[in-house]
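Observations on the three-dimensional arrangement
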Amino acid sequence: MSPKKALSQKAPGAKDRAAETRNSQGKTVAALIKDQAREALSVIFALRFANALCVRTFFQPDEYFQVLEPAWQLVYGENSGAWLTWEWRHALRSSIHPTIFAFGYFVVDSFWASYKVPTVKAKWLLMAPKTLQTGFAALSDWYTWRLAEKLYGPGSAASWSVLLMALLNPWQWYTATRSFSNCLETTLTAMALYYWPWEILGSETDGKDESRESIALFSTSSQVNSLRLSLLLAAFAVLLRPTNVFVWISTCTLALTRFTLSGKSSLDRRVLFILFREVFLCGSIALAISLVCDRQYFGDWKFPPFAWLHFNVTKDLAKFYGQNDWHYYLSQGIPLLCTTITPFALQGLAKSLDAESSYSVTTSNTLKALSFIVVTTISTLSLVSHKEIRFIQPLLPALHILAAPYVTSFFTTLSASGATTCPPPALGWKRKPLLAAAITANVVIGGYLSWFHAAAPNQVMSFLRGEFERIHPEHLNFGRAAPNATVSSDDGNNDLQELFALFLTPCHATPWRSHLIYPALSARALTCEPPLDTEPGSPERTAYQDETRQFYADPVTFLARDLWPRDAPGEHMARYIVGFEGIETPLRKYFDSAGPGSRHKIQPREVWSAWNGLFTDDERKSGRLVVWETGFYDD
């Protein structure tokens, strides 16, 4: 055999071995990345669980009244003492969200069913929502980081900076582990964006041949399954919060118009057919699940997004909960949402439109899409009079991703393009004092808001629950409502004829049954139902005063006329009265020997108080939160 023939026979073997080596190396790298992702998720969950334990303050009522109260009633029945607001009576909210937390209560109750230690069970019931929301918060951070790795490369400095920004963001620390629907919406949005096939926006092309990406799009079952998962998650996000639809309208509009996009469009007939087919199928599945859940919860066929639009847009009831300037999201929303990374997020929004981008076509187009999502959502929501920062919280993953290269290049020796190099070059730090100051500011802000600011509303519930356990230990046992029943299985313990606590605070200023726990602990609070039967702009709506406003307009008259009238049946006298320190003077004036409540022979005695923070958005909540004992009951 000639040497040439021998070499020609050996060559294929050498090539095969080289290919096998490359394949094995590729598999090893993929396995390492997968292991790293699992480990990162474990660490993120641990950090978020610590975060949940550190959050002991009150932020907004929706954390409790739009989720935990209906979840509590689902498990413990209509006589459990849960407070359902008007939104639930008129089916404005999807039942899917509280059903998730009801499962947490169900698990705890099932575990403690055979143990007659209600005080321990109460502590576990308090922890159940925190644990569930910890999981959602961890998934939000993890999927945001994984999307950044898709765009900037696995292990790149920019992708790691996204994760660090999410974990050190004080707004995230303050809100991510709370049971707001916006927090779950943020998680669903981050997950849907991760699974979304961004190659739809455009693919690499040399102008002569079809790109490989375009040919490969939706050609494998894994790609189609990824699309399905993204669409299902997006559908549930929209059903949970209808305004999430702007995220997906923005994405689809950009894909169809190709405004500012690079590369060649991937939207041929086959791709469009698959997209429309999957949107229809996945949307139908999500809608069917939602309809069945709402049918079970409300007892009739309901579609909450329609009711939401009717009451908030047609009847314009959103104004009843406050109005904000058109620039609220620009002047306050983004700065509070992003805090110290605000300049970098704005830079990312502007730079994403740079035609000379050094990124790949897919990454460049995705960043443009994320920017378009942010701009479109904020512009649209700015047209609505009632605004809250929580409403734009689902934009935070996009803002972190857009800011990442510029944060990295500002504080390290890497350039914005070098921040996305994989593996990253040697990393050096710069502007260390400024970086330390930014991290310190985030920690201080997040720590104060989570541990100190407005902690009194949560602390007072612990005090009242502890007092009830001390005074009425025989009325603590309770269990799940039996099927087709409206009372809990231990309802014999709930016949205590005593108003234990009266809350003379602004409406929904504290948590409720999810923190009071025991159904026998009877409590009453001022209400704030909106004028549902009035027309927008009518004199009736203008003149309408809810119970809270009536009380604060003239506390003494309200107590004498509405709560305890002299010549008509009134409310039971409470063992404890809860209110902010501003009501102490009118309260004592009512019970004074010369006041209209002198017949009760009560002299309120302060037994507990707690500081409520450095500032407040409602002057009625300023100062200390106080509990007064009436002495009306002997024991």
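The numbers attached to residues start from 1 for each chain and follow its sequence in the written order. Note on the predicted model: pLDDT of at least 70 is required for a residue's local features to be given, and 80 or more for side-chain atom pairs to be given and counted; whole-chain, interface and lining totals, by contrast, use all residues. Excluded from the side-chain calculations are hydrogens and water; all other atoms, namely the structure's heavy atoms, are used.

Let us now look at unusual backbone geometry. Across residues other than glycine, the phi torsion is negative in most instances, and most of the peptide bonds are trans. Of note, the phi angle at arginine 431 is positive, near 55°, even though the residue is not glycine. Helix and strand definitions here come from DSSP, where helices need a minimum of 4 consecutive H or I residues and strands a minimum of 2 consecutive E residues; each element is numbered from the N-terminal end. Here arginine 431 is to be found in the loop between helix 17 (396–411) and helix 18 (432–451). Residue exposure (1.4 Å probe, protein chains only): buried if accessible area is under 20% of the type maximum, exposed if over 50%, otherwise partly exposed. For arginine 431, a relative accessible area of 40% puts it in the partly exposed group. Although it is not a glycine, alanine 454 sits at a positive phi angle of roughly 55°. For alanine 454, the location among the structural elements is in the loop between helix 18 and helix 19 (456–471). When its relative accessible area of 10% is taken as the criterion, alanine 454 is described as buried.

Below, the discussion takes up the pairing of strand 5 (residues 624–629). Judged by how many residues are buried, strand 5 sits mostly within the fold: five of six residues are covered. When strand 3 (residues 574–580) meets strand 5, the two strands line up antiparallel, connected through five bridges. Bridging across to strand 5, glycine 579 finds its partner in valine 626. The criterion for strand pairing is that DSSP finds at least two bridges linking the strands in question.

Counting buried positions along strand 1 (residues 499–503) gives five out of five residues, so the element sits mostly inside the fold. The pairing of strand 1 with strand 3 spans four bridges and is classified as parallel. Following the sheet pairing, leucine 502 is matched in strand 3 by isoleucine 577. Sheet topology note: the strand 1/strand 2 (residues 523–525) ladder contains three bridges and is parallel. Note that in strand 2 the partner of alanine 501 across the bridge is alanine 523.

In this model, the protein chain carries an average pLDDT of 89, and 89% of its residues clear a pLDDT of 70 or more. Segment residues 1–12: pLDDT under 50, and two contacts once partners within four positions in sequence are set aside and those in other chains are kept. Confidence of the predictor in every single residue is expressed as pLDDT, which spans 0 to 100. Here, two residues are considered to be in contact whenever any of their heavy atoms come within 4.5 Å of each other. Across residues 207–215 the pLDDT falls below 50, and counting only partners more than four positions away or on other chains, this stretch makes 12 contacts in the model.

In this fold, histidine 400 is placed in helix 17. According to the relative accessible area criterion, histidine 400 is buried, its value standing at 2%. Sequence-distant contacts of histidine 400, defined by excluding residues within four places in its chain, comprise Val162, Met165, Ala166, Asn169 and Ile341.

What follows covers the pattern of salt bridges. Oppositely charged side chains can pair when the atoms bearing their charge come close. Only one rule defines a salt bridge in this text: a Lys or Arg side-chain nitrogen within 4 Å of an Asp or Glu carboxyl oxygen. A complete count under the given rule lists 24 salt bridges for this structure. Between lysine 121 and aspartate 109 there is a salt bridge; the shortest N-O distance is 2.7 Å. Taken together, the residues span a long stretch of sequence, with lysine 121 in helix 5 (residues 118–152) and aspartate 109 in helix 4 (residues 96–112) at a distance of 12 residues. This pair shows no difference in class: lysine 121 is buried, exactly as aspartate 109 is.

Taken together, the side chains of Trp451, Phe452, Trp611, Leu614 and Phe615 present a nonpolar region at the surface, about 580 Å² in accessible area. With respect to the secondary-structure elements, tryptophan 451 resides in helix 18. A relative accessible area of 37% places tryptophan 451 in the partly exposed class. Here a patch means residues that are over 30% exposed by relative accessible area and free of salt bridges, tied together within 9 Å if like-charged and within 5 Å if nonpolar (Val, Leu, Ile, Met, Phe, Trp, Tyr). Methods summary: accessible areas were calculated by the Shrake-Rupley approach with a probe of 1.4 Å, and residue burial reflects only the protein chains presented.

By the element assignment, threonine 585 lies in helix 24 (residues 584–591). Exposure remark for threonine 585: the relative accessible area of 62% places this residue in the exposed category. Along the sequence, threonine 585 and proline 555 sit 30 residues apart, while their C-alpha atoms lie 9.7 Å from each other.

Below, the discussion takes up the packing of aromatic side chains. Any Phe, Tyr or Trp ring, taking Trp's six-membered ring, that has another such ring centre within 6.5 Å forms a pair; planes under 30 degrees apart are called stacked, those over 60 apart edge-to-face, and the others tilted. In total, this model carries 45 aromatic pairs according to the counting rule given. With centroids separated by 5.5 Å and ring planes inclined at 85°, the aromatic side chains of phenylalanine 111 and tryptophan 112 adopt a geometry described as edge-to-face. Look at tryptophan 112 and you get buried, because its relative accessible area is 14%. Either the NZ atom of lysine or the CZ atom of arginine qualifies as a charge over a ring when it sits within 6 Å of the ring centre and within 35 degrees of the ring normal. When the ring centre of tyrosine 194 is taken as reference, the NZ or CZ atom of lysine 150 above it lies at 4.3 Å.

With that settled, the discussion passes to the environment of glycine 631. In this fold, glycine 631 is placed in the segment after strand 5. Judged by relative accessible area, which is 55%, glycine 631 ranks as exposed. Taking the C-alpha atoms as reference points, glycine 631 and lysine 601, separated by 30 residues in sequence, lie 9.4 Å from one another.

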